[in-house]
Number of protein chains: 2
Amino acid sequence: MAATMHDVARVAGVSVKTVSNVINDYPYVRDATRERVRSAIAALDYRPNLSARGLRSGKTGVIGLAIPELRQNYFAELADAVIRAAERRNVAVLVDQTGATREGEIAVLAGHRLRLTDGLLFSPEQLGQDDIALLQVPFPLVLLGERMFDGPTDHVTMHNVGSARAATEHLLEIGRRRIAVIGAHPTHQDDIRSANLRVRGYREALAAAGIPYDPALVRVAAPWHRENGAAAMRDLLAAGVEFDAVFTFNDTLGLGALRTLGQAGVRVPEDVAVIGLDNIDEARFSVPSMSSVDPGRDQIAEVAVDLLIERINEKGDPAPPRQILADFRVAARESTGFVDPEPGIASAVSPSVLAEPAEGS
Amino acid sequence: MAATMHDVARVAGVSVKTVSNVINDYPYVRDATRERVRSAIAALDYRPNLSARGLRSGKTGVIGLAIPELRQNYFAELADAVIRAAERRNVAVLVDQTGATREGEIAVLAGHRLRLTDGLLFSPEQLGQDDIALLQVPFPLVLLGERMFDGPTDHVTMHNVGSARAATEHLLEIGRRRIAVIGAHPTHQDDIRSANLRVRGYREALAAAGIPYDPALVRVAAPWHRENGAAAMRDLLAAGVEFDAVFTFNDTLGLGALRTLGQAGVRVPEDVAVIGLDNIDEARFSVPSMSSVDPGRDQIAEVAVDLLIERINEKGDPAPPRQILADFRVAARESTGFVDPEPGIASAVSPSVLAEPAEGS
DNA sequence: CTGAAAGCGCTAACAC
DNA sequence: GTGTTAGCGCTTTCAG
């Protein structure tokens, strides 16, 4: 049986209150007492029971993270960043996958799964502006991503328009003029899905450079998976439209497009320059390495966790919802004619022949 | 204030016990009563407080998953599989990253972070056979991966020797005879790290085919990151050893090697065939697509979660530790001269031109 | 500075 | 079939 606070108190010869005070770093405890309690804790290998603490204090020290799918690199890296940020603040992270389905996202908000968390970090992919009513939940909620604005919740997101504009400008700067785009959204309601925001950034950059917008260069691809990037690029090549660059709305699409270009014998970046968006680890290692816009994922994770914790600890009237845009920057690599500025991490062990006596077969 | 069981009981005009019975699907409740309780629950939007339940029952319904790093594709896919498997059994997953460090792994076992979980799924990377004493933990523990055997815990792992042997045999079957290997471990203690097991599988296959073992073909790379695969391949090419195939101990190394081969103008698979191990999603999308051995990740996740839940619910004397090896199979793709047998998932939306009226500029 | 005691919301004997 | 009640282990007034 695990030791309880009472056991510790008995061994240390104090009351449970004192043990509690020591554990919670209450300052007014005599040093000698504190020491006695500390060694009793060590002797018994005592660990506080978090269920009990949670029951009493109304907090569990766990936050939920709901994302579409961990197997999408972008979300794995986001989850990584969130977990690290949370760890620094001493909270644990319970990960839930919505499967990128509407039902999954609604289920997460209904809170039927994540009930022993103090709050939720939620990256919606299907729910949109029309669903903001669903965001009226009885627990602290911080949204990641850009699918809804003007909702009742805090909101941390990349700068979609700015990032897309920067990507396009990067292509313009290296002299490209016929810039295709992959990843537009099939419908074109005037909503604010990231696809539309990215189209807007693209068009802003074109407009600023005085280049006419050609809808033939804008290709639909959804969801933003590799195979759809590859297919859209095949489409583009088959259509016979002329283009000297492509901006894909995420890196995964870009890697798919790169694959098609390679197979088709199109040279990158000589014939077609490519830039993605997300700056996932993998972009550094494709052939050729792929330029991308870094949307500030670490910053997003850090800020989102802070905001959520702040909301969890908020007393009294809630502050008005806040919306935060992360900083972004272009990571220029081979696919737009640059030498990779961030070579891979040096090997921990420099590769060499296995130092082992040869043993014939 | 959130509703409690007492509120529900009051509204339904029954006692808390009855409410509890309804919630926990206790069979002997009159239908009419059950219905009354159900509607009271709905009316009050009542949700059980899991901290209280956990405190009372000694279980939280949460398991921990400790892996090195989510940003490594293999582990993201593993975590994905574990979360899905756990969801089916109605338990949530708290994810912890050890950072692939010894301290991180020890901290996880010390349980200072994952205390409100009922048990732990742990994929060690640094701890090894010498550390099995650390596995004597006061909570249910199931190990993933192959770093320790004969420990006191259950253990679910891929079949290292078998997978490596299958990979090598695949290369032999397509007529290759000078098969290099990337990913050996720098030290060669007679331990059972997966690198050594994979070397063993490789040598078994060679031996069975009557091909002598040539240590010059066995290259060290650690950790198994892409950059180290690329570097090891550069090394191999620079060394001037002859080889017509390479088996990399994981896919990430293989993708790195593929990159180097591409840059060096070596044709794959004509000059050098390549096969990896792990069958991560990404292998399907490299240029050329990369053959790999699928180590049965979904099965591993499924079995591990089952085993852990079984342990959590175990009463009386614990059953002896079990060790389970997953099934594996070769996924042959372009890098060994096959047409990809599993084309990418069909696009949800077939790519096409954005149907939008052109607006100049 | 420390102790005594109440009670967080739930489950599970045990009554009826 | 349903109600009563005693804690699970912790935090937190309130005294001293």
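Residues numbered from 1 in each chain as written. Chains lettered and ligands numbered in written order. Predicted model: local features only at pLDDT ≥ 70, side-chain atom pairs only at ≥ 80, totals over all residues. Heavy atoms only, no water.

As annotated in an unreviewed UniProt entry, chain A carries the name LacI family transcriptional regulator and comes from Asanoa ferruginea.

Considerations on the protein's contact with DNA strand D
Keep this limit in mind: Being near a molecule or strand, for a residue, means having at least one of its heavy atoms within 4 Å of it. By the criterion applied in these results, polar contacts are pairs of N or O atoms within 3.5 Å in which, for protein atoms, one can donate a hydrogen and the other can accept it, and in which residues neighboring in sequence qualify only through two side-chain atoms. The secondary structure listing takes helices from DSSP runs of H or I that are at least 4 residues long and strands from runs of E that are at least 2 residues long, numbered from the N terminus.
A:Met5, A:Tyr46, B:Thr18, B:Thr33 and B:Arg56 are the nearest of the 25 residues found near DNA strand D. The sugar-phosphate backbone supplies 57% of the atoms of DNA strand D found within 4 Å of the protein. At a separation of 2.6 Å, a phosphate oxygen of DNA strand D approaches a polar side-chain atom of B:Thr18. For the surface near DNA strand D, the secondary structure elements donating two or more residues are helix H2 (16-23) and helix H4 (50-57) of chain A together with helix H2 (16-23) and helix H4 (50-57) of chain B.

A word on the sheet that holds strand S12 (residues 329-331) of chain A
Residues and elements named next belong to chain A. Put simply, the rule reads: Paired strands, in this sense, are two strands between which DSSP finds at least two bridges. To get an axis, fit a line to the C-alpha atoms, keeping to the stretch in contact for a helix; angles then go from 0 to 180 degrees between the N-to-C directions.
Pairing within the open sheet is mixed, and its six strands lie in the order S7-S6-S8-S9-S10-S12. Pairing within the sheet leaves two strands with one partner each, and these edge strands are strand S7 (218-220) and S12. If you compare each strand with its neighbour and ignore which way they point, the axes differ by 20 degrees on average. As defined by bridge partners, strand S9 (residues 273-277) adjoins strand S10 (residues 291-294) across three bridges and the pair is classed as parallel. The residue bridging isoleucine 275 from the neighbouring strand is serine 291, located in S10.

Quick notes on the packing of H2(B) against helix H3 (residues 31-44) of chain B
Residue and element names in this part refer to chain B. The following threshold applies: Comment on the angle field: the value is read as roughly parallel under 35 degrees, roughly antiparallel over 145, roughly perpendicular from 65 to 115, and oblique elsewhere. Contacts between residues were defined by any pair of non-hydrogen atoms, one from each residue, lying within 4.5 Å. Charged residues are taken to be Asp, Glu, Lys and Arg, nonpolar residues to be Ala, Val, Leu, Ile, Met, Phe, Trp, Tyr, Cys and Pro, and polar residues to be all remaining types, Gly included.
Here H2 crosses H3 at 90 degrees, and the two axes come no closer than 10 Å. Looking at the two axes, H2 sits roughly perpendicular to H3. Contacts between H2 and H3 involve Thr18, Val19, Val22 and Ile23 from the former and Thr33, Arg34, Val37, Arg38 and Ile41 from the latter. Its residues assigned to classes, the contact of H2 with H3 shows five nonpolar, two polar and two charged.

Some details on the packing of aromatic side chains
Formally: Pairs were defined over the aromatic rings of Phe, Tyr and Trp, the Trp ring being its six-membered one, requiring ring centres within 6.5 Å. Orientation was assigned from the angle between planes: stacked under 30 degrees, edge-to-face over 60, tilted for the rest. In this scheme, a residue with accessible area under 20% of its type's maximum is buried, one over 50% is exposed, and one in between is partly exposed, where area comes from a 1.4 Å probe on protein chains only.
Across all of its chains, the model carries ten aromatic pairs over all chains by this definition. Aromatic pair A:Tyr26 and A:Tyr28: ring centres 5.8 Å apart, planes at 85 degrees, arrangement edge-to-face. Residue classification places A:Tyr26 among the partly exposed positions, given a relative accessible area of 39%. Relative to B:Phe75, the ring of B:Tyr74 lies with its centre 5.2 Å away and its plane at 80 degrees, an arrangement referred to as edge-to-face.

Some remarks on the domain arrangement of chain A
In many analyses, interface size is given as the accessible surface area lost on bringing the parts together. All names here are of chain A. Rules: An automatic or database domain assignment supplies the start and end points of every domain. Summed over both partners, the accessible area lost on bringing two parts together, with a 1.4 Å probe, is the buried area. Here a salt bridge means any side-chain nitrogen of Lys or Arg lying within 4 Å of a carboxyl oxygen belonging to Asp or Glu.
Domain annotation for chain A reports domain 1 (62-158 + 297-325) and domain 2 (160-295 + 328-353). Spacing between the C-alpha centres of domain 1 and domain 2 amounts to 28 Å. With 16 residues of domain 1 in contact, the opposing surface of domain 2 contributes 16 residues. Carbon and sulfur atoms make up 46% of the area that domain 1 and domain 2 hide from each other, which totals about 1200 Å². Inspection of the region where domain 1 meets domain 2 yields zero salt bridges. Taken together, the connections running from domain 1 to domain 2 amount to five residue pairs in polar contact (both at pLDDT 80 or more). Among the secondary structure elements, those contributing two or more residues to the side of domain 1 that touches domain 2 are helix H5 (73-88) and helix H11 (297-312). Take the side of domain 1 that touches domain 2: its biggest share by element is three residues, from H5. Taken together, the residues that form the side of domain 1 that touches domain 2 break down as five nonpolar, five polar and six charged.

Remarks on the sheet that holds strand S8 (residues 245-248) of chain B
Residues and elements named next belong to chain B. Taken together, the six strands give an open sheet; going across it, the order is S7-S6-S8-S9-S10-S12, and neighbouring strands pair in mixed fashion. The open sheet has two edge strands with one neighbour each: strand S7 (218-220) and strand S12 (329-331). On average, each strand axis in the sheet is inclined to that of its neighbour by 20 degrees, with strand direction left out of account. Pairing geometry for strand S6 (residues 179-184) and S7, over three bridges, is parallel. By the bridge assignment, alanine 184 is partnered in S7 with valine 220.

Here we look at the protein's contact with DNA strand C
Lining the immediate environment of DNA strand C, one finds 25 residues, of which A:Thr18, A:Thr33, B:Met5, B:Tyr46 and B:Arg53 sit closest. Expressed as a percentage, the sugar and phosphate content of the atoms of DNA strand C within 4 Å of the protein is 63%. One of the backbone nitrogen or oxygen atoms of A:Ser15 is found 2.7 Å away from a phosphate oxygen of DNA strand C. B:Ala52 is positioned with one of its backbone polar atoms (N or O) 3.5 Å from a base nitrogen of DNA strand C. Breaking the surface near DNA strand C down by element, the ones donating at least two residues are H2 and H4 of chain A together with H2 and H4 of chain B. Partitioning the surface near DNA strand C into residue classes produces eleven nonpolar, seven polar and seven charged.

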